[in-house]
Amino acid sequence: MIELQQPNSKNPKVRSARNPSNPSHEFKDSNKNQKQINNNKDTKRKKNVRLEVQKMLGGRFIDRPVVFSRDSKYFFCYCSNTIKVTSVETGDILKTISITPEMGGHKNDITFIRIDSNNVNQLYSASLDGTIKLWNYNNMRLIKEYCVGLPILRMEMHDSYPDQFFIVTAEPHKVDSKTGSRNKQVKHALLSIKFDKQANIVQSSLICKSNSTCTSIEISENGDLLVVTFSHEIRVIDLKSINDTPTQNWPKYKHPNKISCAAINSHKGFIAIGDLSGKITYWYCLEKSQLEDPVTSESHWHAHKVNSLVFSSDGNYLISGGEEAVLCIWRVEDSFVIFIPRLGSEIMNISISPDQTIYAVGLLDNSIKLVSMINYSFKQALQGLKHESLANPLSTGLVLEPRNYDVVLNGHPGTIQFYNAYMDRHVMELEVSVTNRVSRIFEEEVVRHHVKHVCFSKNGKWMATVDARNDGVNTPELYLKFWHFDPNSQTYQQNCRVDFPHYEDILSLCFHNGTTDDDPTFITTGLDTKFKVWELNKIDDNDSIESVIWTCVFIGSYKKFIPRTAAVSKDGSVLAVSFNNTITLWDAFTYTLKRNLQCMPSSENVKHILFTNDEPFLVSATNNFLYVWNIHTCEVLYRHVLEVEMTALDPNSSDFVVAWNNRFLKECKLMIYNPKNHDPLQIHKVNHIVKSLTYLPRRSDDLESSQSEQKSNILYITDKNDMYILGEPSSIKPKVSTRKLEQKSHSYFSDIFGNNNKTLEQLSSKESDVDESDIEEEKQKESPISKKKKKNKKSFMKANQTSNNLSTPVLNSKPVSKTNKDESVDLNNDEKNEHTVEDVEDVEDKSQKITKVTNGTSTPITSVQVVTNNTFQQNEQYDKHKEDKNQNMVKKIRDDDEQKKPTLPKTNGNGKLNGKHNSKSNSINHKSKKREMDSSDDLTLNNTKKKMKKLLQS
């Protein structure tokens, strides 16, 4: 328990403020105190270790329509500067292409993806960094790169024009020399870029340009026409004559409403235009006779903007989608419509698989849903981070759920999302406020409930949320809800709702660390100048959830100041509540005021408070200052001049991180501190705007065995909804997926009768079965004694045959073949022979993988012939060696018999002497049996040798 002591003076000692980024400003501390700080275990850190991005996750998938592979088994989705390969069947992300610029990836957002028509395993990608890259998505290898030098906003290409790209780019903003301001008017231009391989020259030409934004670019199926649309303009360009006269005046048509999307129907000869009013207009302007005076027709169902249009492969159906969250399938003949409603969110884009069986629909909640074209049912879905910064600010921040360390944050308005940062996967969505997801009426936006705060108990058994709604017309709504985790449904169930817990908005919500999950306590602070303590009380002795209620047990205030935030020490003994620029310290059990800590200057309010782990230190931050307090002495250890926007505490150590954004440079600076050291341990700069951050504990398989304690990683989310895991580099290298995507070619014969591809493995197994059957016939002719001897040699013979059979695939490698030959000849050392067998078995696995290459060629037959010849040679060497060994053994036995001729004693006729068997006579009989066994064994080997020669001749 932390005990508060009386400070030495009325005014606490405050060190001079300093800027940690300025190395010239140093504290004048004694060397003794500095050595004590540096020798502390918690402040020891490797100087050369720097923070690195361990993983990138999250991101937005719905900025562009997905692209399917040619076999419709996979689809590729855009995610910032990366491409994610996803399985259609399972919805899992299999691979990520263009991970980092260091690995050849793009440096900015990707705006175009297209499968190469000449190779189904390759795809093109274009980016805002001005480069076009060709990838092999099986091994994620960069094959080719084209440097354009201009940001590529949109791009199209066609098989009829190899190495030629039609890109839409923006002209750079003009800067006024007098005022220095930039011209806000955006000018988009359509360029033709052609790369000449032989001359190594890039040919570029301007096709057209406009003062308005380009909304779409499409090329007809035969590659004759290109249609580009701007805000109110439609331009049709003849690609056949573009190389001759690239700057001629192409037909230009005015559309009455602002254009949002377009699609070309090459079979029917018209263009479909979608606009902000919800109308779909058909422009018949693709024929030469219709260029001057095109005919138009309209179809109108959508109440709001049409976001996407796409035609089926035969041109008979048009698929559209918009804000209504309804997928519309139009029959072009008579404008008959089929509706697929309740997709869950606004439709942003649509794409169709090459086999015309799946619709891939990108939704505003950052999800991609696959809809079957056969029965219009949902087949699969890929869900990303649902948080949308424009309509739903990230007021909850990044909160860790204690049970599984899932990241909890704002999802769809009125909901919170549980996201697994380790697996980069959506876990579940919890509706804090249950509402109907309907589109807006006319131009009025629907004001929905917004979740402001989320907090968990120590072990995650209880959760508290705060949600509110205020449309400015009706009565404001403010709710404090308590949730209990249900192990059966594996989700949180609402237990209690408190209407208007404060008279005004709630500013913070925290858990009391001195309580447990069985008797939890939560603390809220509000704009009504009050902070309240909420406890769980039981109505009766029943342990059911229905028999408990939540009550407010204490209401506190201080000089009618507004309580901004609150925190409880890790041991649960001290409660800190900040009122404007004052931090009040309360007894966490009796709720009595003990001390006041004044932060100077008085004009700045304390925004952040946190207690360090197992240390009597309190960290507080205002708009421009960072304070570290010693709770025992109520004094300031040090103060820094920092514009702190976010803070987070490492749960596994006493380290904490502070961050602030530089919105002009679009970067964020992170500083990691230890409360015992006034200098930052590490400083890291992020080239993004960070919205929130937290510490994420490492998994057990990520920890190094040499370090018993490991610092947690830093998890932060950017303004583009990209999440990054930042931490110290680990010696354990992450496992990279090297599996290839399946590209199977089907035929009617294989579908009916199946595949009948015999590999060399199967052929070799059949041959080995034949050899063993022949040997079994020889075994039946052998004597029982030779069978026993043969059994001991069986494993050795099999190893030699295996090594000989597997020496063929490595005949071209001289060192490997030489070592195999030496090992087969060396038979004197038993230990060496045992190791040789193990090595040969390893070579067997590798060689079988190598020989699975050809089908229908003469290579496997030739290799089998070489195998049998080598087998005969090594068996002959083994027989020769065995004959010499047996002859030496027989000679030795005869010499022993001549030297030691025993005198046979008198026996009683039963072979006994004094009631015991004669041991010497038994040994002689045993030696004679051994000679018989060796001789019979030699005959068996000779018969096996003859049998193998017959097999070779046949």
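Residues numbered from 1 in each chain as written. Predicted model: local features only at pLDDT ≥ 70, side-chain atom pairs only at ≥ 80, totals over all residues. Heavy atoms only, no water.

**Regarding the overall build of the chain**
Item 1. Within the chain, the regular secondary structure consists of 8 helices and 58 strands.
Item 2. Within the chain, buried positions represent 46% of all 954 residues.
Item 3. Residue pairs at least 24 apart in sequence account for 48% of intrachain contacts in the chain once pairs closer than 6 positions are excluded.
Item 4. Accessible area for the chain stands at about 51,500 Å²; split by element, carbon and sulfur atoms hold 48% of it. (Helix = DSSP H or I, 4+ residues; strand = E, 2+ residues; numbered from the N terminus. Buried < 20%, exposed > 50% of the residue type's maximum accessible area, 1.4 Å probe, protein only. Contact = heavy atoms within 4.5 Å. Areas by Shrake-Rupley, 256 points an atom, 1.4 Å probe, with all protein chains shown as cover.)

**Looking at unusual backbone geometry**
Glycine aside, residues mostly have negative phi angles, and peptide bonds mostly take the trans form.
Item 1. Between Met-600 and Pro-601 the backbone carries a cis peptide bond, its omega angle lying at 0°.
Item 2. One non-glycine residue, Asp-163, adopts positive backbone phi at about 60°.
Item 3. Assignment of secondary structure puts Asp-163 in the loop between strand S10 (154–156) and strand S11 (164–170).
Item 4. With a phi angle near 55°, Tyr-376 is a residue other than glycine that sits in the positive phi range.

**Some remarks on the sheet that holds strand S7 (residues 122–127)**
Item 1. In spatial order, the strands read S6-S7-S8-S9; together these 4 strands make up an open sheet with antiparallel pairing. Since the sheet does not close on itself, it has two edges, and those belong to strand S6 (110–115) and strand S9 (141–147), each with one partner. With direction set aside, neighbouring strand axes in the sheet form an average angle of 20°.
Item 2. With 6 bridges joining them, strand S8 (residues 131–136) and S9 adopt antiparallel strand pairing. Among the inter-strand pairings, Trp-135 is bridged to a residue of S9, identified as Leu-142. (Pairing = 2+ DSSP bridges. Axes fitted to C-alpha atoms, helices over the stretch in contact; angles between N-to-C directions.)

**Examining the pattern of salt bridges**
Item 1. Here the structure, examined in full by the defined rule, presents 21 salt bridges.
Item 2. Note that Lys-720 and Asp-109 form a salt bridge whose closest N and O atoms lie 3.6 Å from each other. Here Lys-720, found in the loop between strand S55 (713–718) and strand S56 (722–727), pairs with Asp-109, found in the loop between strand S5 (93–97) and S6; they are 611 residues apart in sequence, far enough to count as distant.
Item 3. Taking the relative accessible area as the measure of exposure, Lys-720 reaches 36% and is therefore partly exposed.
Item 4. In this structure, Arg-469 engages Asp-471 in a salt bridge whose closest nitrogen and oxygen atoms are separated by 3.6 Å.
Item 5. Judged by its relative accessible area of 23%, Asp-471 is partly exposed.
Item 6. One continuous salt-bridge network, built from bridges that share partners, spans Glu-233, Arg-235 and Lys-254. (Salt bridge = Lys/Arg side-chain N within 4 Å of Asp/Glu carboxyl O.)

**Some details on the environment of Ala-360**
Item 1. Topologically, Ala-360 is positioned in strand S27 (residues 358–363).
Item 2. For Ala-360, a relative accessible area of 1% puts it in the buried group.
Item 3. Each C-alpha atom, one on Ala-360 and one on Asn-349, is 8.3 Å from the other, the two residues being 11 residues apart in sequence.
Item 4. Sequence-distant contacts of Ala-360, that is, excluding residues within four places in its chain, are made with Val-66, Phe-68, Asn-349, Ile-350, Ser-351, Lys-369 and Leu-370.

**What about the pairing of S8?**
Consecutive side chains along a regular strand alternate between the two faces of the sheet.
Item 1. Burial runs high along S8: 6 of the 6 residues are buried.
Item 2. Pairing geometry for S7 and S8, over 5 bridges, is antiparallel. Along S8, the bridge assignment pairs Leu-123 with Trp-135.
Item 3. The hairpin formed by S7 and S8 contains 3 residues between the paired strands, and Gly-130 there has a positive phi angle of roughly 85°.

**Some remarks on the packing of aromatic side chains**
Item 1. Here the structure, examined in full by the defined rule, presents 32 aromatic pairs.
Item 2. Centroid distance Phe-270 to Tyr-282: 4.9 Å. Interplanar angle 45°. Geometry classified as tilted. One end of the pair, Phe-270, is in strand S19 (residues 270–275); the other, Tyr-282, is in strand S20 (residues 279–284), with 12 residues separating them in the sequence.
Item 3. For the ring pair Phe-531 and Phe-579, a centre distance of 6.3 Å and an interplane angle of 65° mean the geometry is edge-to-face. Pair noted here: Phe-531 is in strand S40 (residues 531–538) and Phe-579 is in strand S43 (residues 574–579), with a separation of 48 residues, a long-range link.
Item 4. For Phe-531, a relative accessible area of 0% corresponds to the buried category.
Item 5. Connected via pairs of aromatic rings, a cluster forms that spans Phe-531, Phe-554, Tyr-558, Phe-561, Phe-579, Trp-586 and Tyr-591.
Item 6. The lysine or arginine in question, Lys-369, covers the ring of Phe-378, its NZ or CZ lying 5.3 Å from the ring centre.
Item 7. A cation over an aromatic ring shows up here: Arg-403 above the ring of Phe-485, its NZ or CZ 3.8 Å from the ring centre. (Phe/Tyr/Trp six-rings, centres within 6.5 Å; stacked < 30°, edge-to-face > 60°. Lys NZ or Arg CZ within 6 Å of the ring centre and 35° of its normal.)

**Notes on the confidence of the model for the chain**
Item 1. The share of residues in the chain with pLDDT of 70 or more is 67%, and the mean pLDDT across the chain is 76.
Item 2. Ranking the elements of the chain by mean pLDDT puts helix H2 (residues 748–753) last with 36 and strand S39 (residues 521–526) first with 96.
Item 3. Throughout residues 743–875 the model reports pLDDT below 50, and contacts reaching past four residues in sequence, or to other chains, amount to 93 contacts. (pLDDT = per-residue confidence, 0-100.)

**Side note on the nonpolar core**
Item 1. One finds Phe-482, Phe-522 and Trp-550 to be the most contacted residues of the largest nonpolar core, which totals 18 residues.
Item 2. Listed by contribution, the elements that provide at least two residues to this core are strand S35 (462–469), strand S36 (477–486), strand S37 (491–499), strand S38 (506–511), S40 and strand S41 (548–556).
Item 3. With 4 residues, the single largest contributor to this core is S35. (Core = buried A, V, L, I, M, F, W, Y, C linked by side-chain atoms within 4.5 Å.)

**Notes on the sheet that holds strand S2 (residues 67–68)**
Item 1. If you trace the 4 strands from one edge of the open sheet to the other, you get S2-S3-S4-S5, paired in antiparallel fashion. The sheet is open, and its two borders are formed by S2 and S5, each paired with just one other strand.
Item 2. By the bridge criterion, 2 bridges tie S2 to strand S3 (residues 74–79) in an arrangement that is antiparallel. Bridged to Val-67 within S3 is Phe-76.

**Structural notes on the side chain of Asn-136**
Item 1. Tracing the sequence through the fold places Asn-136 in strand S8.
Item 2. A polar contact of 3.0 Å, which involves the side chain of Asn-136, links it to the backbone nitrogen of Asn-138.
Item 3. Not counting chain neighbours up to four residues away, the residues in contact with Asn-136 comprise Asn-121, Gln-122, Arg-141 and Ile-143. (Polar contact = N/O pair within 3.5 Å; in protein donor to acceptor, adjacent residues only side chain to side chain.)

**Observations concerning the side chain of Thr-111**
Item 1. Counting through the fold element by element, Thr-111 comes out in strand S6.
Item 2. Look at Thr-111 and you get buried, because its relative accessible area is 8%.

**Some thoughts on the environment of Gly-104**
Item 1. One can find Gly-104 in the loop between S5 and S6.
Item 2. Placed 29 residues apart in sequence, Gly-104 and Lys-133 show a C-alpha to C-alpha distance of 9.2 Å.
Item 3. Beyond its immediate chain neighbours, meaning those up to four positions away, Gly-104 contacts Lys-133, Trp-135 and Leu-142.

**Quick word on the state of the cysteines**
Item 1. For the structure on display, the rule yields 0 disulfides.
Item 2. Among the cysteines around Cys-214, which has no disulfide bond, Cys-208 carries the closest sulfur, lying 8.2 Å off. (Disulfide = S-S within 2.5 Å.)

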